[in-house]
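Observations on chain architecture
So you can see what is in the structure, the chains are spelled out below.
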Amino acid sequence: MTTEEVKTTYTIPVGPIHPALKEPIRLDLSVDGEEIVDVDITVGQVHRGIEWLGMNRNNPIQSIYLAERVCGICAVSHPFAFVQAVEHAVGITPTEHAEYIRVIIAEMERIHSHLLWAGVAAHEIGFDTVFYLAWRVREEIMDLMEYVTGNRNTKAMFQIGGVRRDITEDQFPRIRKALDYYKSIFNQLKTVFLDDRTIRMRTKNVGILKAEDALKLLTVGPTARASGVAKDIRQDQPYAAYADLDIKAITPDIVTGTVVGDVYDRIIVRLLEVKQSIEIIERCLDKMPPGAILTEPKIAKLLNTLTKAEGEGVGRHEAPRGEVIHYVRLESGRETLSTWKIRAPTYVNLMCVSTILKGGQIADVPIAFASIDPCMSCTNRAAIVDQKTNKKSILSGKELHELSVEKTRKLKG
Amino acid sequence: MEILSPEEIIDGFKTVLGDSFIDSKIYEREVAVKKNVFKTIWIYVKREAFRKAVDYICKLQECPHLAIISSSDLGDSVELIYHFTIYYGRHLGELSLGLRVNLPKNDLKIPTLTDIIPGALFTERETQEMMGVEVVGIPDKRRLFLPEDFPEGTYPWRTDETGPQDMLRVLPGREKK
């Protein structure tokens, strides 16, 4: 055994396909022992040129459904922002009735998305009982969405000038029943996620993002709010029915009194937002004004207006993961959009990943990375390259997951 | 932090930029039942004064939020719009601010903002690879979304000869556009 100490930095590429990442992305982690010293991100593995299709192939109405397919989980957020952008560009005002339906659908989406995330986060730390619990609880909102929109996901509810399906008063009791169910189990969920010893050990003081870093790195959504940045478009620049509802951005100090900006704080924010969403839907049901669902029900006529229109507009929506922004520009006589720019929340939230992971341990990577709720998918492998000996070993996704589970076991003692 | 009205902000831009200020527009929209209004300001400046304009935005709001840079190919020139939001965190108080710059096709260069807004890196890298606009002083020159083997000098968002038209697959039985 030599007494001479050699300091070696390893690079661990995680992804592009990996269990902790719900969508292909590659993280190159430079590690010194167990500690992460640097992170490099490579994206683009699933770039499908959707904006290009909207600018060269589809007319704006077809692009609503294309926008819906930008993301499988936020299947409401993108069409919501997109129809708003087109409405601003052309000067169409959606009906008041439709504004309320839009908000109800968007909030249902938030409940399902946050519960989905809660399950994934529990799975990342190896707490599969909670994972099953969260996803079983989530089924109720999925059923409700199927009842209201006709589909569990990819609901095709949005149309320029309103929505495509009505929510009528005879549907209210079924919606209220589902909301009452969530209200009845909310305290139980809160106890499971906030008071459980294992979850506290694995999430407290892990993956800290300070408020000033969040602001500089343009972080949005629950990730920013968990760092104490009270930013929420529903509060700051309310659109649709949110403008009537006086919504307040949720920060973790409501529960704990302080803001740490760690994974635990992100759990608090998302959990409280589920409750907030339930309240928003209830208030929308109470206040919903009667009326038509569309300003222009004849699609051919609407398409004609869009082809003749000239202008530009920005549509923003607070998606479950943060701000979604769409910019569109229409040229008179052109069937497709002349410019379409989409910005999803993970686009900016990825930049804080480096800050979140630095100084942490490899076993914390799955939960810390998942805590920003990156909009991503499943399993494969990670390769470990020893730079000094140039020896390459493959660490499968399963093994990395097991490392994380192992840490939980060790902490529990 | 002093909160200025959209009109005062536009006047501020005029004073700071002088001749380099080209145009401005305020877009207002009433929403839902209560008819609350939300506002967007559009500012059009010359490229020489671009950094000055961003510095002024930083004076209005410490750490302004830069959502995205959108770019349009207008034939002879490329138009960039920097979508900022300021005065966030206040109920009904946020303002969207679109900063518009026009770059001639023979000189597609714009200074980087990463020194004042580190988070601008991704969108600057994307603008660089997709539109072929050179971001001067960008700390990370690599591509963001395009694969490494994507041909140099082809920019997916362009509509001129540098666009991706030659790369499109023409399905059997169809004619090339």
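Residues numbered from 1 in each chain as written. Chains lettered and ligands numbered in written order. Predicted model: local features only at pLDDT ≥ 70, side-chain atom pairs only at ≥ 80, totals over all residues.

You'll often see interface size given as the accessible area lost when the parts meet. Facing the 37 residues of chain A at the interface are 34 residues of chain B. When contributions to the side of chain A that touches chain B are tallied by element, the ones reaching two or more residues are helix H4 (96-124), helix H8 (211-216), helix H10 (233-236), strand S7 (322-330), strand S8 (339-343) and helix H14 (345-349) of chain A. By residue number, the principal contributor to the side of chain A that touches chain B is S7(A), which donates 4 residues. Looking at the side of chain A that touches chain B residue by residue, the class counts come to 18 nonpolar, 8 polar and 11 charged. (Contact = placed C-beta atoms within 7 Å. Helix = DSSP H or I, 4+ residues; strand = E, 2+ residues; numbered from the N terminus. Nonpolar A, V, L, I, M, F, W, Y, C, P; charged D, E, K, R; others polar.)

On to the packing of helix H5 (residues 128-149) of chain A against helix H6 (residues 172-195) of chain A. Residue and element names in this part refer to chain A. Between H5 and H6, the shortest axis-to-axis distance is 11 Å and the interhelical angle comes to 165°. One element, H5, and the other, H6, form an angle in the roughly antiparallel class. Every pair of crossing elements has a handedness; the one defined by H5 and H6 is left-handed. Residue-level contacts link Val130, Leu133, Val137, Glu140, Ile141, Leu144, Tyr147 and Val148 of H5 to Arg174, Ile175, Ala178, Tyr181, Ile185 and Val192 of H6. Looking at the contact of H5 with H6 residue by residue, the class counts come to 12 nonpolar, no polar and 2 charged. (Axes fitted to C-alpha atoms, helices over the stretch in contact; angles between N-to-C directions. Parallel < 35°, antiparallel > 145°, perpendicular 65-115°, else oblique. Left-handed = near helix turned anticlockwise from the far one by under 90°.)

Membership of the largest hydrophobic core comes to 160 residues, with the highest contact counts inside it found for A:Val103, A:Ile104, A:Ala241, A:Leu357, B:Ala53, B:Leu80 and B:Leu99. Per-element tally for this core: the top contributor is H4(A), with 15 residues. Two domains each put at least three residues into this core: domain 1 (10-46 + 361-412) and domain 2 (50-347) of chain A. When near neighbours in sequence (up to four residues on either side) are disregarded, A:Ala241 contacts A:Glu99, A:Tyr100, A:Val103, A:Cys284 and B:Ala32. (Core = buried A, V, L, I, M, F, W, Y, C linked by C-beta atoms within 7 Å. Buried ≥ 20, exposed ≤ 12 C-beta atoms within 10 Å, placed from the backbone. Domains from an automatic or database assignment.)

All names here are of chain A. Read across the open sheet, the 3 strands follow the order S6-S7-S8; overall the sheet is antiparallel. The open sheet terminates on both sides in strands that have one partner only, identified here as strand S6 (311-319) and S8. The average angle at which neighbouring strand axes cross in this sheet is 10°, direction not considered. In terms of strand pairing, S7 meets S8 through 5 bridges, oriented antiparallel. Paired with arginine 329 across the bridge in S8 is threonine 339. Contacting S6, S7 and S8, helix H3 (residues 77-90) runs over the sheet at an angle of about 150° to S6. (Pairing = 2+ DSSP bridges.)

To continue, consider the packing of H4(A) against H5(A). Residue and element names in this part refer to chain A. Running from N to C, H4 and H5 cross one another at 160°; their axes reach a closest spacing of 8 Å. Between H4 and H5, the angle is such that the two are roughly antiparallel. The crossing of H4 and H5 is left-handed. For the pair formed by H4 and H5, the contact residues are Ile105, Met108, Ile111, His112, Leu115, Leu116, Ala118, Gly119, Ala122 and His123 on the first element and Asp128, Val130, Phe131, Ala134, Trp135, Val137, Arg138, Ile141, Met142, Leu144, Met145 and Thr149 on the second. Of the residues contributing to the contact of H4 with H5, the split by class is 16 nonpolar, 4 polar and 2 charged.

The subject of this paragraph is the domain arrangement of chain A. Residues and elements named next belong to chain A. Domain annotation of chain A identifies domain 1 (10-46 + 361-412) and domain 2 (50-347). Contact residues are listed per partner, giving 16 residues for domain 1 and 22 residues for domain 2. Those elements that provide at least two residues to the side of domain 1 that touches domain 2 are helix H16 (365-370) and helix H17 (397-412). If you tally residues by element for the side of domain 1 that touches domain 2, the top one is H17, at 5 residues. Its residues placed into classes, the side of domain 1 that touches domain 2 shows 10 nonpolar, 3 polar and 3 charged.

Okay, the sheet that holds strand S3 (residues 65-73) of chain B next. Residue and element names in this part refer to chain B. Strand order in the open sheet made by the 5 strands is S1-S2-S5-S4-S3, with mixed pairing throughout. The two strands at the open ends of the sheet, each matched to only one other strand, are strand S1 (21-31) and S3. Going from strand to strand, the sheet's axes swing by 20° on average, the running direction of each strand aside. Running over the sheet, helix H3 (residues 121-131) touches S3 and strand S4 (77-86) and is turned about 10° from S3.

Let's shift gears to the confidence of the model for chain A. Per-residue confidence for chain A gives a mean pLDDT of 86; residues scoring 70 or more make up 92%. Across residues 376-392 of chain A the pLDDT falls below 50, and counting only partners more than four positions away or on other chains, this stretch makes 45 contacts in the model. (pLDDT = per-residue confidence, 0-100.)

All names here are of chain A. The terminal C-alpha atoms of H5 lie 31 Å apart, and with 22 residues this matches the ideal 32 Å at 1.5 Å per residue to within 8%. Along H5, the positions that sit buried rather than exposed are Val130, Leu133, Ala134, Val137, Ile141, Leu144, Met145, Val148 and Thr149. Contact partners of the buried residues in H5: H4 and H6. Of the residues flanking the end of H5, it is glycine 150, one or two places downstream, whose phi is positive at about 95°. (Expected span 1.5 Å × (residues − 1).)

On to the environment of B:Leu171, then. All names here are of chain B. If you trace the backbone, leucine 171 turns up in the segment after strand S7 (134-136). When the 7 C-beta atoms within 10 Å are taken as the criterion, leucine 171 is described as exposed. Taking the C-alpha atoms as reference points, leucine 171 and lysine 34, separated by 137 residues in sequence, lie 52 Å from one another.

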